[in-house]
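The lines below spell out each chain.
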Amino acid sequence: MVPVYICDDEAAVSALLEKLIGDQIMIMGRDMGPLRVASHPPALLELQKQAQIPAIYFLDIDFPGYMSGLELAVKLREYDPRGFIVFITAHDDMMFETFRYRLEALDYIVKGAPAMMAARVNACLESVCERMMNEPDGKTAYCTLKVYDTVRHIPMQKILYFEAVGSRHTLVLHMDDEVLEFNSSLNHFEEKLGGDFWRCHRSYLVNRARISNVRLKENFVELDNGETCLLSRKAKSAYAASV
Amino acid sequence: MPFGFRLTVVVILMAVEAYTVFRITVALLGERPRWRCYLLFYVVYNALEWGLILVLELFEGNTWTEPPLWIHELEYILTVFFLCMTIRRGYHVSFDKVFGAVAVGFFAKDIIYDFLTDAAVFYSPVFDGKYLYVITSIVLPYSLLLVFSLVTSFVLNKTEFSKYFLCLFRGRVRTGVTLSACLLLLTVNALRQVLFPDVAISFAYGLFCFSVVIAALFCIQFSAMYVASRDKVKAQEETIAQQQAHMELLEELQGEIRAFRHDFTNLLSGMALSAQEGDVEAIQEFMRRTSGYFDEKLGSEIRQMEGLSNIQLYPVRSLISTKLSLMRQRHIQVTLEIMKPVTGGRMPVEDLLRCQGILLDNAIEAAAKNDGKIRVILLQDMEELFIAVANNYDEKPNLGALAKSGYSTKGKGRGTGLSSYRRMVSRCADCVSRTYLKDEFLVQELRIPV
């Protein structure tokens, strides 16, 4: 069960949403709930700690007298980095792209006719379900990565390889459909990730599960998506000895 | 004098010498002195000096004759080379600049050292006690040398001389000329000994050298200032061009507002007629039709202007407005969102500008040909400046190939933008860059610590 939270300071809106979401969950028979309502951000932050994560959050943008929806979302993400956030707004000219990219918000719902809102709510819940299906189950290993205030959990099988570049400790993490560049050292990750990863070169750390070919003659390692990493002489002899 | 005392004195004197060179070099490069780097420098310096003495000992036997000149020169060049490597490792500056700075540093140290020791010998009275003699002939000049290095580096830092100095290395020809001048400075002492062996080193001679150096420094300063000012003019011209683009945007907006006003008065007069007749249905119909009208016509422009005015870094603002007008020309739909004031992060403004420019250019090039969409987001909070540029695409880009340098969809000799972007990002400590595909958009994200 995925908990669902609603946070809006207008009682009418939150009651409407509660009804809409409750109905949608029931009609479609989704594995979601319980549905909880908070009228202001601190209450929601309290509630969040009581149930499991990840959860779904429907948030208002403005809370007069409290923090903004943006700050609230940052706080929610601290505890629940993989949660799903949907914003509720009165106007459709809000800065939605900012929310989408900065906080990886899922979608937004414009306040208006209940029928339209119901359709949007259903679309949001549908896409949450889809994402949950695509995501690996709880047993898979994650690599945690802290970037400023956010902690990211990256599924191991998404990782292709780490590459060290330049003289400053810059690491490039290659994943499926993503490349992340940050300051860290390869040795740190080699220690942290253990035997699932292979240091095939001074500046490459490869996910063993993603290797498709080790080309001993040409001195490189081929991955299952066609990318290649260099293979050092030392690693090559160690590999040849083990095989 | 006991051997321990002599050894200590020599070690301290070498520390002072190394410190002088180090301090001046670092000040020339415009960096802060770091103790760890200095210690490494000192150890290398010491090792080279002692190593050379040992080699000479083996080479010449036990006779204390003056070794040939070329050995001295070789030693000198070797020392400079290794010191360059040490500093380059510690500060991550390119080799040519370090070499120039080290050469100038050595030259300055030698000149001052010669001058001070000559002055000390010239002025000090004859003493009986050797300790007193040591103080006047060695301790005094060396402590003055230390003071000199501190004062010089202070002055260099205050006048931001490093900017002018680094100007000398812009372009291949300029770098070549500067480096050969530096090499000449390094060897000038030896050359003098070869060309004028009979000139005895005296106090007056030192003074002469000193004044020559001062004059040379003035020349360098002036030429560098000239170069720097030329660059500045160029930069200003660019800024003016960008601001003109911004003005054009404003004028366009003004034109649209004028047209809108015209429309609106027409519409209102129509409604006034309905109101007079008490036709409530017509008014409601009118309201329904016009409520979205304003937003549709001017909403996006006004929102963009609002966003732009949130950028408090003027060069970045004008860059973005130039690129926005370019996107408009190409009929790319732009969403610009800048919620909060942007004041810049720990990345130098020039680098930030170039990074932003590369990201925007890439997005413009890569956006879908027919229905191009670009989203530009800047958000600054307490900890970081968050920049995201997203564009849709016709053909799914291959991120693995994108990460290799020289990747481009347009053949050879292109694709240098992204690699220089990556270089600038890795140069800025704690910057994080991320490239990913999401919902049919290629997103380039850059997070800079504040």
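Here the structure is shown first, and the text comes after it.
What counts, and at which threshold
- Residues numbered from 1 in each chain as written.
- Chains lettered and ligands numbered in written order.
- Predicted model: local features only at pLDDT ≥ 70, side-chain atom pairs only at ≥ 80, totals over all residues.
- Heavy atoms only, no water.
- Helix = DSSP H or I, 4+ residues; strand = E, 2+ residues; numbered from the N terminus.
- Buried < 20%, exposed > 50% of the residue type's maximum accessible area, 1.4 Å probe, protein only.
- Contact = heavy atoms within 4.5 Å.
- Areas by Shrake-Rupley, 256 points an atom, 1.4 Å probe, with all protein chains shown as cover.
- Pairing = 2+ DSSP bridges.
- Axes fitted to C-alpha atoms, helices over the stretch in contact; angles between N-to-C directions.
- Salt bridge = Lys/Arg side-chain N within 4 Å of Asp/Glu carboxyl O.
- Buried area = accessible area lost by both parts, 1.4 Å probe.
- Polar contact = N/O pair within 3.5 Å; in protein donor to acceptor, adjacent residues only side chain to side chain.
- Nonpolar A, V, L, I, M, F, W, Y, C, P; charged D, E, K, R; others polar.
- Parallel < 35°, antiparallel > 145°, perpendicular 65-115°, else oblique.
- Left-handed = near helix turned anticlockwise from the far one by under 90°.

Here we take up the overall build of chain B. Of the regular secondary structure elements, chain B holds 13 helices and five strands. Within the span of chain B, comprising 450 residues, buried residues form 42% of the whole. Once local pairs closer than 6 in sequence are excluded, the contacts in chain B between residues at least 24 apart make up 72%. Per element, the accessible surface of chain B, about 25,600 Å² overall, is 63% carbon and sulfur.

Attention now moves to the sheet that holds strand 1 (residues 2–7) of chain A. Residue and element names in this part refer to chain A. Taken in spatial order, the five strands make up an open sheet running 2-1-3-4-5, and their pairing is parallel. In this open sheet, the two edge strands, each paired with only one partner strand, are strand 2 (32–38) and strand 5 (107–110). If you compare each strand with its neighbour and ignore which way they point, the axes differ by 20° on average. Bridging between strand 4 (residues 84–89) and strand 5 involves four bridges; their strand directions are parallel. Bridge assignment links isoleucine 88 to a residue of strand 5, and that residue is isoleucine 109. Along the sheet face, helix 3 (residues 69–79) touches strand 1, strand 3 (56–60) and strand 4 and points at about 160° away from the line of strand 3.

Sheet strands pair by backbone hydrogen bonding; their relative direction is either parallel or antiparallel. Residues and elements named next belong to chain A. A sheet is described by the order of its strands in space; here three strands give the open sequence 13-14-15, paired in antiparallel fashion. A single partner strand is all that each edge strand has here, and the edge strands are strand 13 (211–215) and strand 15 (228–230). Ignoring which end each strand starts from, the neighbouring axes of this sheet average 20° apart. As paired strands, strand 14 (residues 220–223) and strand 15 are joined by three bridges and run antiparallel to one another. Considered in strand 15, the bridge of glutamate 222 is made with threonine 228.

Turning our attention to the pattern of salt bridges. A side chain with one charge can pair with a side chain of the opposite charge if their charged atoms come near. Enumeration according to the criterion identifies 23 salt bridges over all chains in this entry. Taking the shortest distance from any N to any O, the salt bridge between A:Glu97 and A:Arg100 comes out at 3.1 Å. On the criterion of helical spacing, the pair formed by A:Glu97 and A:Arg100 is a turn pair, its members being three residues apart in helix 4 (residues 96–102). A:Glu222 is the salt-bridge partner of A:Arg215, the closest N and O atoms lying 3.0 Å from each other. Residues joined by salt bridges that share partners form a network here, namely A:Arg152, A:Lys158, A:Glu178, B:Arg434 and B:Glu445.

On to the interface of chain A and chain B. With 32 residues of chain A at the interface, the matching set in chain B holds 43 residues. Taken over both partners, the interface formed by chain A and chain B buries close to 3,400 Å², and the fraction arising from carbon and sulfur atoms is 51%. Its largest share of buried area at the contact with chain B, chain A owes to A:Tyr101, A:Tyr148 and A:Glu181, together 24% of the area lost on that side. The tally of links between chain A and chain B comes to six salt bridges. Linking A:Arg100 and B:Asp439 is a salt bridge whose minimum nitrogen-to-oxygen distance equals 3.7 Å. Counting across the interface, chain A meets chain B through eleven residue pairs in polar contact (both at pLDDT 80 or more). Residue assignment for the side of chain A that touches chain B shows that the elements contributing at least two residues are helix 4, strand 7 (150–155), strand 9 (170–175) and strand 10 (178–183) of chain A. With seven residues, helix 4 of chain A is the largest single contributor of residues to the side of chain A that touches chain B. Classifying every residue of the side of chain A that touches chain B by side-chain character gives twelve nonpolar, seven polar and 13 charged. As defined by bridge partners, strand 10 of chain A adjoins strand 4 (residues 432–438) of chain B across four bridges and the pair is classed as antiparallel. Among the inter-strand pairings, A:Glu181 is bridged to a residue of strand 4 of chain B, identified as B:Ser433.

In this section: unusual backbone geometry. Residues and elements named next belong to chain B. Despite not being glycine, aspartate 430 shows a phi value in the positive range, around 65°. In this fold, aspartate 430 is placed in the loop between helix 13 (416–427) and strand 4. According to the relative accessible area criterion, aspartate 430 is partly exposed, its value standing at 39%. Positive phi outside glycine occurs at aspartate 439, with the angle close to 50°.

Here we take up the packing of helix 1 (residues 11–28) of chain A against helix 5 (residues 114–134) of chain A. When two helices pack together, their arrangement is captured by the angle between the axes and the distance separating the axes. All names here are of chain A. At a minimum axis distance of 10 Å, the contact between helix 1 and helix 5 shows a crossing angle of 55°. Our classification of the angle between helix 1 and helix 5 gives oblique. Note on packing geometry: the crossing formed by helix 1 with helix 5 is right-handed. Contacts from Leu16, Leu17, Leu20, Ile21, Gln24, Ile25 and Met28 in helix 1 reach Pro114, Met117, Ala118, Val121, Asn122 and Leu125 in helix 5.

As a further point, take the side chain of B:Ser274. Residue and element names in this part refer to chain B. Position of serine 274 among the secondary structure elements: in helix 8 (residues 203–277). Residue classification places serine 274 among the buried residues on the basis of a relative accessible area of 17%. Beyond its immediate sequence surroundings of up to four residues, serine 274 is in contact with Asp279, Ala282 and Ile283.

Residue and element names in this part refer to chain A. Burial within strand 9 is extensive, with six of its six residues counted as buried. Residues Thr170, Val172 and His174 of strand 9 are buried on one face, and the alternating residues Leu171, Leu173 and Met175, pointing to the opposite face, are buried as well. Note that strand 8 (residues 159–165) and strand 9 share six bridges and pair antiparallel. Among the inter-strand pairings, tyrosine 161 is bridged to a residue of strand 9, identified as histidine 174. The sheet contact formed by strand 9 and strand 10 spans six bridges and is antiparallel. What sits directly across from leucine 173, in strand 10, is leucine 180. Counted between consecutive antiparallel strands, the loop separating strand 9 from strand 10 contains two residues, among which aspartate 177 sits at a positive phi close to 60°.

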